[in-house]
Amino acid sequence: MSDIKESLNSIREEFDKALEQVKDSQAAEQLRVSFLGKKGQLTQVLKGMGGLTAEERPVIGKIANDVRSHMESRLEEIVAKIKEEEKGHKLRREVIDVTIPSDRKGAGSRHPLNMAINEICDIFLGLGYSIAEGPEVEYDKYNFELLRIPEGHPARDTQDTFYFNDKVLLRTQTSGMQIRVMEQQKPPLKVICPGKVYRSDALDATHSPVFHQIEGLVVDKGVTMGDLVGSLRLFAKKLFGENTEIRLRPHHFPFTEPSVEVDLTCWKCGGKGCNVCKGEGWIEVLGAGMVHPEVLQNCGIDPEVYSGFAFGIGVERTAMGRYGIDDIRLLYENDVRFLEQFK
Ligand code: PHE
């Protein structure tokens, strides 16, 4: 009996010593298995109780139970303590210092094309126009047919484009919006329609298969070419400065009559002639004209009563002039070094 008693005491001592070395929950579990497990030291010792007398058994049993509950409660304590510590470590490790400066990039900036569109739209909003927007996937009817460009018309070739089927295409011009607006609203009308247009042009320094136009349309009683010229002069001066003049050259668009191409005084040299205007002193920026009477009629507006003018501004060209950009491709490459310059 005293053997067993001694063994139990030394188990307890050994356990206490081993416990001091326990630093994490894994070690605590190992300790539990080796002392209290099925094959643990305590179980081994208790197996020897078979040789005890009936009087000895309860005495040893009590000591064994004491040792067991001692070990269990010490283990429980240490596990709780370890868990607390581990939680503390985790919290400290994952702490978020809200005072550290962020490494996030600063706020972005408007794209120069959007800046140009906004500037141009602002000028016309100030003149009492409203903004209309239309679909980029457009019916042939709106993009060509009702604008007096029937099937087989040579103007279709110059705007060779992307078709979904015989009747649906990516719009080649914003002029289709003239029709959409006139079909839906009755004069007096004063709208601008900014948007993307598509042509199967190869990409180079001055051409892109996707570009932007801003279409303008005014329809009312007694609208004349003089009104068109006055509006465009005002637009040119507001955008490029008071000294800017416009020059009209006769042209042909199927949906306007008469039609003109409109040049502005070169924004670089002011008209003297330079590399930007190729020595001309002028830069072509838009097409315009008086809405063809048949186009008005196509939309149910009586050309005997109403007249109107329309114009289409090339946004890329205007933006390039306004901000001194010499290659159209820069506008589409999304190179941050380029875009950052417009902050
Ligand atoms: N839609 C014409 C083009 O893309 C421009 C234009 C618009 C001409 C409105 C006259 C009136 O070239």
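Residues numbered from 1 in each chain as written. Predicted model: local features only at pLDDT ≥ 70, side-chain atom pairs only at ≥ 80, totals over all residues. Heavy atoms only, no water.

**Remarks on the packing of aromatic side chains**
Short version of the rule: Stacked, edge-to-face and tilted labels apply to pairs of Phe, Tyr and Trp rings (six-membered ring for Trp) whose centres lie within 6.5 Å, assigned for plane angles under 30 degrees, over 60, and everything in between, in that order. Per-residue accessibility, obtained with a 1.4 Å probe over protein chains only, is compared with the maximum for each type, and a residue is labelled buried under 20%, exposed over 50%, and partly exposed between these values.
Throughout the structure, instances matching the rule amount to ten aromatic pairs. Measuring from ring centre to ring centre gives 6.4 Å for Y139 and Y142, while their planes differ by 55°; the resulting arrangement is tilted. Under the relative-accessibility criterion, Y139 is labelled partly exposed at 47%. Taking 5.9 Å as the distance between ring centres and 75° as the angle between the ring planes, the aromatic pair formed by Y323 and F342 counts as edge-to-face.

**Points about the site of the ligand**
Threshold: We call a residue near a molecule or strand as soon as one heavy atom of that residue lies within 4 Å of the molecule or strand. For the purposes of these results, a polar contact is taken to be a pair of N or O atoms within 3.5 Å, where, inside protein, one atom must be able to donate a hydrogen and its partner to accept one; residues adjacent in sequence count only when each atom of the pair is a side-chain atom. A run of H or I in DSSP counts as a helix once it spans at least four residues, and a run of E counts as a strand once it spans at least two, with each numbered from the N terminus.
Neighbouring the ligand are 13 residues; Q173, S175, R199, Q213 and E215 lie closest to it. Here a nitrogen atom of the ligand sits 2.8 Å away from a polar atom, N or O, in the side chain of S175. For the ligand, an oxygen atom lies 2.9 Å from a polar atom in the side chain of R199. Listed by contribution, the elements that provide at least two residues to the shell around the ligand are β5 (210–220), β8 (282–291) and β9 (307–314).

**Description of helix α8 (residues 176–184)**
Here α8 lies mainly inside the structure; seven of its nine residues are buried. If you check which residues of α8 are buried, you get G176, M177, Q178, I179, R180, V181 and M182.

**Comments concerning the packing of helix α5 (residues 112–126) against helix α11 (residues 315–323)**
Put simply, the rule reads: Interaxial angles span 0 to 180 degrees and are taken between N-to-C directions of axes, which are lines fitted to C-alpha atoms, for helices over the stretch in contact. When an angle is under 35 degrees it counts as roughly parallel; over 145 it counts as roughly antiparallel; between 65 and 115 it counts as roughly perpendicular; any other value is oblique. Here, two residues are considered to be in contact whenever any of their heavy atoms come within 4.5 Å of each other. Amino acids outside the nonpolar list (Ala, Val, Leu, Ile, Met, Phe, Trp, Tyr, Cys, Pro) and the charged list (Asp, Glu, Lys, Arg) are all regarded as polar, and Gly is one of them.
Following both chains from N to C, one finds α5 and α11 inclined at 100°, their axes separated by 9 Å at the closest point. Regarding the angle of α5 to α11, the classification is roughly perpendicular. Note on element contacts: α11 touches α5 through V315, E316, T318, A319, R322 and Y323, opposite P112, L113, M115, A116, I117, E119 and I120. Counted by class, the contact of α5 with α11 contains nine nonpolar, one polar and three charged residues.

**Points about a negative patch on the surface**
Convention followed: Each patch is built from residues lacking any salt bridge and having more than 30% relative accessible area; the joining distance is 9 Å for like charges and 5 Å for nonpolar side chains (Val, Leu, Ile, Met, Phe, Trp, Tyr). Accessible areas in this description were obtained via Shrake-Rupley with a 1.4 Å probe; residue shielding takes into account the shown protein chains only. When a carboxyl oxygen of Asp or Glu is within 4 Å of a side-chain nitrogen of Lys or Arg, the pair counts as a salt bridge. By the counting scheme adopted, Arg and Lys are positive, Glu and Asp are negative, and His together with the chain ends is not counted. Positions of charges follow a simple convention, taking NZ of Lys, CZ of Arg, CG of Asp or CD of Glu.
A surface patch of negative charge is lined by D24, E84, E85 and E86. Of note, D24 is situated in the loop between α1 (2–21) and α2 (25–36). Judged by its relative accessible area of 32%, D24 is partly exposed.

**Side note on the pattern of salt bridges**
In the structure shown here, the tally under the stated rule is 16 salt bridges. We note a salt bridge from E29 to R32, for which the minimum N-O separation is 3.0 Å. Taken as a pair, E29 and R32 lie in helix α2 at a separation of three residues, close to a single helical turn. Looking at E29, the relative accessible area reads 41%, which means it is partly exposed.

**So, the sheet that holds strand β1 (residues 130–131)**
Quick note on the threshold: Two strands form a pair only when DSSP identifies at least two bridges running between them.
The mixed open sheet is built from seven strands, whose spatial order is β1-β4-β5-β9-β8-β7-β6. Each end of this open sheet is capped by a strand with a single partner; those strands are β1 and β6 (246–253). As defined by bridge partners, β5 adjoins β9 across eight bridges and the pair is classed as antiparallel. In the strand pairing of β9, E215 is matched with G312. The strands touched by α8 within the sheet are β4 (189–198), β5, β8 and β9, with β5 carrying the most contacts at an inclination of about 40°.

**Some words on the nonpolar core**
Short version of the rule: We call a set of buried Ala, Val, Leu, Ile, Met, Phe, Trp, Tyr and Cys residues a nonpolar core when their side-chain atoms join them within 4.5 Å.
Ranked by size, the top nonpolar core spans 44 residues in total, and within it L286, F311 and I313 carry the most contacts. When contributions to this core are tallied by element, the ones reaching two or more residues are α5, β5, α9 (225–240), β7 (256–265), β8, β9, α11 and α12 (336–339). Per element, the largest residue contribution to this core is seven residues, and it comes from α5. Discounting residues that sit within four places of it in the chain, I313 has contacts with I120, F124, H212, Q213, I214, F235, V285, L286 and T318. Within the second largest apolar cluster, 24 residues are counted, among which are I179, L189, V291 and C299.

**Description of the environment of L75**
As for its placement among the helices and strands, L75 is situated in helix α4 (residues 56–93). Judged by relative accessible area, L75 falls into the buried class, the value being 6%. With 56 residues separating them along the chain, L75 and L19 place their C-alpha atoms 8.0 Å apart. Apart from the residues within four sequence positions on either side, L75 is in contact with F15, L19, A28, L31, R32 and L36.

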